Amino acid sequence: MSRRVVITGVGLVSALGLGTKETWDGLLSGKSGIGPVTHFDASDFSVRIAGEVKDFDPLRFIPKKDVKKMDAFIQYALAASDFAMEDAGLAIAEDNAARVGVFIASGIGGFGTIEREHSALLKGGPRRISPFFIPATIINLAAGHVSIRFGAKGPNLATATACSASTHAIGDAMKIIQRGDADAMIAGGSEAPITPMGIGGFAAMKALSVRNDEPERASRPFDRDRDGFVVGEGAGVLVLEELEGAEARGADIYAELVGYGMSSDAYHMTTPSETGDGARRVMENAIADAGIPPTEIGYVNAHGTSTAYNDRTETLAIRAVFGDHADQLAVSSTKSMTGHLLGGAGGLEAGITALALKEQIVPPTMNYENPDPDCNLDYVPNEARKLSFEYALSNSFGFGGTNAALLLKHYTA
């Protein structure tokens, strides 16, 4: 049994804005969400820039008594889920609650809360630890709270596969619907890593851009002068439904999910294989799952982190998968504007890819100024582009060599 799966709701929270329209409009206008870190005093840090969510008031989404029970990554997930469910217009009642599930990922979960509670322990001893510490930080509580919020009684899951996490969540949610274990899934990911340990840890690895004086130009995927990624935060949540049910209730459909791929580099804990082998195979697996020739794909929303290794190996992998057709592809990295949401990146970028298919317009790669001879594709530099295309890939690659890719199709009734 394999049923068709469509996207009927998109909820985005990013450095570009609170809500899907704000994020999408920012992307198409080439706006940058990168700026100085304000969540903590970063004056002594080598990296002082990030893609922060601005003006986020948790009380807009969460009762005051519950805010302290949730780390920011849970709050962002709830906000994005609210946006997605409102967008989808999907009503959950007693007769369908057991057929609606939740699958929301995060790469690192409640870092900020862990840091604060550890500080409380050191300053005041174990009695100063909040009774909400554990449920505020563990990764599956984003899915748990979303399930409680909407009364979704179907599958309730989370995954923590680094920067591939929410792409895995969406892909696995698609498979849950395809095999008949649910009729709808609220799926995606969330991350809130802009904390002293989050920024400090990635900076210690020399993974981040140090272009502190030019934050808006710091994330520059595929550009010759890239010097690392920029940490972002936020969430991307989609409502997935079985096609017949979505059509029967008159849902507005963004795109169809037709392929899902997974692979492992089995190479290094943080660095992709030099040939891009894992990235190549994950794209091939998603395309094979859809049963289409690669030449039908018109756009790739690249993982495109703005690091030397990722951008070069992803380019190699795309060329290996598509051959001569690679020169006909539009490839862009929206991390140039949002920063890298780590485990939340795939949810945000799958939502962006669905919007691109529906609107038939491709967001740009900003700050692409100086071509790198090792990165030789059409990266849609600096300006959004209208494009007629039927299929699009969304790529995610994570530490530990874990890779995921989604293949989406333009929907026509």
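All of these numbers come straight from a predicted model, not from anything done at the bench.

Digging into helix α8 (residues 196–204)
The set of residues buried in α8 consists of Gly198, Ile199, Phe202 and Ala203. Taken around the axis of α8, the buried residues stretch over an arc of 120°, which confines them to a single face. Summarising the geometry of α8, the exposed residues directed more than 90 degrees from the buried face are Met197 and Ala204. Directly after α8, the chain includes Lys206, whose backbone phi takes a positive value near 65°.

Examining the pairing of strand β5 (residues 100–105)
Residues in a regular strand point their side chains to alternate faces of the sheet. Summarising burial for β5: six of the six residues are buried, a large majority. A two-sided burial pattern is seen for β5, the buried positions comprising Val100, Val102 and Ile104 on one face and Gly101, Phe103 and Ala105 on the other. When β5 meets strand β7 (residues 184–191), the two strands line up parallel, connected through six bridges. By the bridge assignment, Gly101 is partnered in β7 with Met185. Here two bridges tie β5 to strand β6 (residues 156–157), and the two strands are oriented parallel to one another. Pairing of Val102 across the sheet is with Asn156, part of β6.

Description of the packing of aromatic side chains
Applying the stated criterion to the full structure yields nine aromatic pairs. Judged by centre distance (5.6 Å) and plane angle (85°), the ring pair of Phe61 and Phe83 falls under edge-to-face. Of this pair, Phe61 sits in the loop between β4 (49–50) and α2 (64–67) while Phe83 is found in helix α3 (residues 72–88), placing the two residues 22 residues apart along the sequence. Here Phe83 falls in the buried class, since its relative accessible area comes to 14%. Taken together, the ring pairs in this structure connect Phe56, Phe61, Tyr76 and Phe83 into an aromatic cluster. Sitting above the plane of the Tyr254 ring, Lys358 keeps its charged end 5.7 Å from the centroid.

A look at a nonpolar patch on the surface
A cluster of nonpolar residues, Leu121, Leu122 and Ile129, forms a patch on the protein surface that exposes about 250 Å² of accessible area. When you line up the elements, Ile129 lands in the loop between α4 (111–124) and α5 (133–137).

Re the environment of Ala88
Inspection of the secondary structure puts Ala88 in helix α3. For Ala88, a relative accessible area of 6% corresponds to the buried category. Between the C-alpha atoms of Ala88 and Thr8, which are 80 residues apart in sequence, the distance is 5.1 Å. Aside from chain neighbours lying at most four places away, what touches Ala88 is Thr8, Gly9, Val239 and Arg249.

Rules used in this analysis
Residues numbered from 1 in each chain as written. Predicted model: local features only at pLDDT ≥ 70, side-chain atom pairs only at ≥ 80, totals over all residues. Heavy atoms only, no water. Buried < 20%, exposed > 50% of the residue type's maximum accessible area, 1.4 Å probe, protein only. Helix = DSSP H or I, 4+ residues; strand = E, 2+ residues; numbered from the N terminus. Arc of directions from axis to C-beta. Pairing = 2+ DSSP bridges. Phe/Tyr/Trp six-rings, centres within 6.5 Å; stacked < 30°, edge-to-face > 60°. Lys NZ or Arg CZ within 6 Å of the ring centre and 35° of its normal. Patch = residues over 30% accessible without salt bridge, like charges linked within 9 Å, V, L, I, M, F, W, Y side chains within 5 Å. Areas by Shrake-Rupley, 256 points an atom, 1.4 Å probe, with all protein chains shown as cover. Salt bridge = Lys/Arg side-chain N within 4 Å of Asp/Glu carboxyl O. Contact = heavy atoms within 4.5 Å.

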